[in-house]
Structures are given as C-alpha cells and as structure tokens.
Amino acid sequence: MKPTKLYCDLFGHNYKLTKKVTNHVKEYTCSCCKKQLTTSSNGKLTELTAKRQEINLALERIYNNRMMRLQQKLISSSIY
C-alpha cells in the first residue's frame, strides 16, 4: 500500500478545486493520492471517470459559448 493512500485512509482526502466547469459543476483532486471527483447532476461529489470528464468538457464548451454570447449581447446593447 502506498503511504499516500494510507494517509488518506486514516485521515481522509484533502481535496482541492482543480477546475471550475460551470458555476455549479467543479472538479476536485486529492493533493495526496490524486483521486479525482466531480459534481454530479444531483450536486453530490462522484468519481471523475472518463465518461464524466467527457461530459464536463461538453458542459464547459456550452457554458463558455453561452457566456460569450451574453457578453457580446451586453456590449452591443450598451453601444446602441
């Protein structure tokens, strides 16, 4: 057993925010054992699998496109 895994088993994980996908969806990584979690659709933390990572990438792309459109709308409405 790795010492970092033993530490996490004894004291719990030390999760740090590693990526903000949207306002509600975030990704976290344990600073000791590098275990990754993400926010699920019901708001709970769940393991970051390849499928969930793919979903988060799509969500991030949609979210960023929407934010850019809103920003452009605000800029164009303030000009006129």
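Data block above holds the structure.
Caption draft 1: Focus on the environment of H13. Within the secondary structure, H13 is located in the loop between α1 (3-11) and β1 (15-20). What makes H13 partly exposed here is its relative accessible area of 35%. Ignoring sequence-local partners within four residues, the contact set of H13 consists of C8, C30, C33 and K35.

Caption draft 2: Layout of unusual backbone geometry. One non-glycine residue, K34, lies in the positive phi region at around 70°. Its location among the elements puts K34 in the loop between β2 (26-30) and β3 (36-39). K34 gets classed as exposed once you look at its relative accessible area, which sits at 54%.

Caption draft 3: Layout of the packing of aromatic side chains. As enumerated under the stated definition, the model contains one aromatic pair in all. Between Y7 and F11, the ring centres sit 4.9 Å apart and the planes meet at 45°, which makes this aromatic pair tilted. With Y7 and F11 both in helix α1, this residue pair falls four residues apart, about one helical turn.

Caption draft 4: Representation of the environment of K19 in the model. Here K19 lies in strand β1. Residue classification places K19 among the partly exposed positions, given a relative accessible area of 25%. The contacts of K19, once residues within four sequence positions are left out, are K26, E27, L57 and E60. One polar contact links K19 to E60, side chain to side chain, over a distance of 3.0 Å.

Reading the values: the criteria
- Residues numbered from 1 in each chain as written.
- Predicted model: local features only at pLDDT ≥ 70, side-chain atom pairs only at ≥ 80, totals over all residues.
- Heavy atoms only, no water.
- Helix = DSSP H or I, 4+ residues; strand = E, 2+ residues; numbered from the N terminus.
- Buried < 20%, exposed > 50% of the residue type's maximum accessible area, 1.4 Å probe, protein only.
- Contact = heavy atoms within 4.5 Å.
- Phe/Tyr/Trp six-rings, centres within 6.5 Å; stacked < 30°, edge-to-face > 60°.
- Polar contact = N/O pair within 3.5 Å; in protein donor to acceptor, adjacent residues only side chain to side chain.

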